[in-house]
Structures are given as C-alpha cells and as structure tokens.
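# Architecture at a glance
The chain contents come next:
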Amino acid sequence: MKISAGTPDAMPPGLRSLSYGIFCWANRRPRALRTVGALFRLWPFAGGWFGMAARASAVKGVLTRPQSFSNSAHAANLAAGDYLIGMDPGPTYHDDRRLLDDRLALLAASLPAAADQEVQRRVQQLGQRGTNKSFDLIDDYLMWIVFRAMDPLFGAATGKVVAGAHGNVNDPGLQRQYLLEIRYVAGQLLAGSTATLRVQRRAELCSDALRARIAAVSRDIEQAWGVQSTASTITRNAAGLAWISHPVTVQSGALAVQELLGRSRVHRALRAEAQRLGPAGVWQDAKFRDLVREHMLELMRFRPIFPLLARDVPRDTEFETGARHNAPCSAGGKMAIWSIAALFDSRVVKKSGRFCPARNWGPHQDLRWLMFGYGTRQCPAKDYAVEILTSALIGLLILPELRLTRGEGKAIAYDGPLMSRMRVNFV
C-alpha cells in the first residue's frame, strides 16, 4: 500500500474538511509526528507498506534519486504556477536555477549587516513598550526583518514589486498587502491537496494577483536583474522567488521562537550570555553569533517547517527502508519522506531527543541541515535564511524576556498549517 494524494474537488465537503483538519493538527504538533515517525523507524517494513521513508539512510537515499522520486509532487500545490521546487531536472530547471543562484549571491554581500540593521531598528521600537503591551512577533517583527534583509533579490525593482507599478513604495499598507498575499500563496505549498476549496480558492486569487503584479513590472525586474529573458521566464521566477523566500523564512523563525519559549532553561542561558556581552557586544562577538546560529539550527530540527515531504514515483522502482527487504513503488504513485523522523534517528544522531546545539555530528554533519532538504535539491537559500533568523534571535535576546501573552485569548493563531499570529509581551 502506498499513500495517494486526495483530490479535494472530488471529496465530499465533510471528508475534505476532516482531512484538512487532521493534516493541520498534525503539522502543528511535531512531537506527535516524531512519535509516529519513530514507529516507522522501529518497524521500517511498515513504512514500506505505506510508502514512508523514515530512517535517515532511507530519507537520504530517496532524496538523492530525483529521477525515481520526483519533486513534481509539489507542482499541484504551486498555486502561482511552475517554479523550481516543483520541477524535474531539465533545461528549464537548470536555466532557472542559475538565475536564482545569481540573485541569491547578492545576499552574501549584504548579510548579516542588512538583517542586523533592521533588527536593531525594530528592537529600539519594541523596547519602548511596557510589560503589559503585547505585540505580534510575526507581523511586528519577523515579517519586516526578513523583508528588509531580502531587498537585494529584486534590486532596484523591489519597490515596484511590493507597491505595484503605480503605488507609493513607502506606503506600509501596500507593503503589508504584498506580504499577506505571498503568505497565502506559500501556505498552499504546505496545505496542498488536503486544503479545503475555500483555502485553495484564496490561494489562487492571491496567486493571480501576484502574477499580475509581477507582470506589470517585469521590465523593471529584467533591468534590475541585468538579464534578457522572455516575459514568462521573468514572471515565473520573480513570482516564485517572492512567495517562497519570505513566508517560509518568517514561518521558520516563528516556529523556532515557539520552541525556544518552551525551553526556559535554554532561553535563560542564551539571555544571560547576551546580557553579559551587552546590547553592543552581541553584534560584535563572532562566538556569540555562532552560538545563536547553532541554537537556531537545533530549534529548527525540533520544529521543521516541512516535517513531511511528498514525492511522485514516475517509474516502477523501490527504496531502501532499512528493513531486510526494499519497498516496491509502482509508477504513477506517491511516497512520503518523513524528514522529521530522520532528524531524530538515534542510529546516526546520538541522544537524538536531547536538545544539544553543540552536538558533534561527526560524519553525519550533512544530516544537520536535512530540514532544508538534501542532495542536489537542497534549498539553495538555506545559509542566508539561517543568517537572517540568527540576527532576529539575537535581537530578541537583548530585549526584556518574552513570553506568550495571557488573558487575551489564544496567543498563537493558525491559518491552516501556517502560524498566522504569535502574540507575546515582556515579562
């Protein structure tokens, strides 16, 4: 037996809502996913029956065979159209990947300074709040830090991409509209075929708006990028770069902070070191930045934004589960990569359930970055994303101690699988 993606349009409304609810519930509870994943690791033959790769060796094996286990499983979830994440290797993929790598290379020159600068500005604003006044960690902090740090991706065209061809580039309302637009498009990547029709339609409407926005300023983007490409190439890559880069990084940061706030001892130890260095020293001390970066990676291990990944099976094949026999996979089917289980595989990660940023990964250092994928299809922006989030976390450590708000309803609100609000205040 192998997993198969449902088709929401063909499902009865009640079943569709139930399926989506179960998916969202599971996606918000990494501990539950780790528990189930541990069972698949313990009994890999069962994972083979259901098309689930859970052991680290199995997950890495599948991810290094893109011809047999295809990224095209994501294509149905790309509401804004084709993009690298849903393509198989080929001429279009390789041309688009070169264009993406050229854009990302600009971040190397500006990071982490750009992120640090925006963090310091936001920290100064937040530091003026009293202990009883809450704020949204996503909408008032992370969203803008990631936005400013990623300005170089569109270069001189950034303002027009955000505000539209004729909008005021300094209008925060237009900026917020753009950031919400791309958030809903990105959410569809996570929700995929399980999403209700309402959620799918919203993603489609936002995707239409995003493509129209990009098409209206495609000439500006082409000039800013210094390339000569067809309008479809510019629109495809600009739209994809917009919706995948910002929302995914913001969501990863929110999940990491959620995990940190649940680990009071770890949080206090980091804050103590930040206080020892002082508000200026934290930005100058390279060892402290390395320490925070290691913590960010460990937090992301416990709460990865993509705990499960689907793959299409274009041809009859099999994968090594770790059991005595391989698991057969029939052409036309799908299988699932249980990456959150692989990150906690005690066979390669000693004391995997222990929170240990300084862990010696030895020959399995590459597994530490598995939350970003693996092999040739690993996220090309992983280093930049971690740098931005490291800066964001340093800023939070020099503020008064944070906690989730109380007495104002639920501090964390979700929009499907995505965290849409995280209200916090200072202790």
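As the structure is a prediction and not an experimental result, all values here were calculated from the model.

Bringing the sheet that holds strand β3 (residues 309-313) into the picture now. If you walk across this open sheet you meet the three strands as β1-β6-β3, and the pairing is mixed. If you trace the sheet from one side to the other, it starts and ends with β1 (52-53) and β3, each paired once. By the bridge criterion, five bridges tie β3 to strand β6 (residues 333-337) in an arrangement that is antiparallel. Across the sheet, L309 pairs through a bridge with I337, a residue of β6. Against the sheet, helix α4 (residues 56-63) touches β1, β3 and β6, its axis set at about 130° to β6.

With that settled, consider the packing of aromatic side chains. Each aromatic ring pair is specified by the distance between its two centres and by the angle formed by the two planes. Inspection of the entire model under this criterion finds eleven aromatic pairs. Judged by centre distance (5.6 Å) and plane angle (55°), the rings of F135 and F426 are tilted. Taken together, the residues F135 in strand β2 (residues 135-136) and F426 in strand β9 (residues 418-426) connect sequence positions 291 residues apart. When its relative accessible area of 0% is taken as the criterion, F135 is described as buried. Judged by relative accessible area, which is 2%, F426 ranks as buried. The rings of F40, F50 and W338 are connected pair by pair, giving a single aromatic cluster. A cation sits over an aromatic face here: R202 above Y184, 3.9 Å from the ring centre.

Going through the model one piece at a time under the given rule, you end up with 26 salt bridges. The closest approach of N and O atoms between R97 and D101, which form a salt bridge, is 3.0 Å. With R97 and D101 both in helix α5 (residues 91-110), this residue pair falls four residues apart, about one helical turn. Between R303 and E259 there is a salt bridge, with its nearest N and O atoms 2.6 Å apart. Placement of R303 in the loop between α14 (286-302) and β3 and of E259 in helix α12 (residues 231-261) is noted, with a sequence separation of 44 residues between them. Taken as a pair, R303 and E259 share a single burial class, namely buried. One network of salt bridges, with partners in common, ties together D116, R289, D290, R293 and E387.

Put simply, L111 and P112 share a cis peptide bond, and its omega is 0°. With respect to the helices and strands, the residue P112 is situated in the loop between α5 and α6 (113-126).

Further remarks concern the packing of helix α9 (residues 172-191) against helix α10 (residues 197-216). One can describe the packing of α9 onto α10 by two numbers: an axis separation of 8 Å at closest approach and a directional angle of 130°. With respect to each other, α9 and α10 are oriented oblique. Considering how the two elements wind past one another, α9 and α10 form a crossing that is left-handed. Along the contact surface, α9 presents Q177, Y178, E181, I182, Y184, V185 and Q188, while α10 presents V199, Q200, R202, A203, C206, S207, A209, L210 and R213. For the contact of α9 with α10, a count of residues per class yields nine nonpolar, four polar and three charged.

Basis of the calculations
Residue numbering note: each chain is counted from 1, following its sequence as written. The model is predicted, so local features are restricted to residues of pLDDT at least 70 and side-chain atom pairs to those at 80 or more, both for listing and for counting; the totals for chains, interfaces and linings are taken over all residues. In computing side-chain properties, one takes all heavy atoms of the structure into account and sets aside hydrogens as well as water. What makes two strands pair is DSSP finding at least two bridges between them. Strands are runs of DSSP state E lasting at least 2 residues, helices are runs of H or I lasting at least 4, and numbering of each runs from the N terminus. For this analysis, residues touch if any pair of their heavy atoms sits within 4.5 Å. Axis angles are defined between N-to-C directions and span 0 to 180 degrees, where every axis is a line fitted to C-alpha atoms and, for a helix, only to the segment in contact. Any pair of Phe, Tyr and Trp rings, taking the six-membered ring for Trp, is counted once the centres come within 6.5 Å. Such a pair is stacked with planes under 30 degrees apart, edge-to-face with planes over 60 apart, and tilted for the rest. Categorising residues by exposure relies on relative accessible area from a 1.4 Å probe, with only protein chains included: less than 20% of the type maximum marks a residue as buried, more than 50% marks it as exposed, and the intermediate range marks it as partly exposed. Counted as over-ring charges are cases with an Arg CZ or a Lys NZ within 6 Å of the ring centre that also lie within 35 degrees of the ring normal. Whenever Lys or Arg places a side-chain nitrogen within 4 Å of a carboxyl oxygen from Asp or Glu, that contact is recorded as a salt bridge. For this classification, under 35 degrees means roughly parallel, over 145 means roughly antiparallel, 65 to 115 means roughly perpendicular, and everything else is oblique. In this scheme the handedness of a crossing depends on how the near helix is turned from the far one: anticlockwise by less than a right angle means left-handed, clockwise means right-handed. Amino acid classes used here: Ala, Val, Leu, Ile, Met, Phe, Trp, Tyr, Cys and Pro are nonpolar; Asp, Glu, Lys and Arg are charged; the rest, including Gly, are polar.

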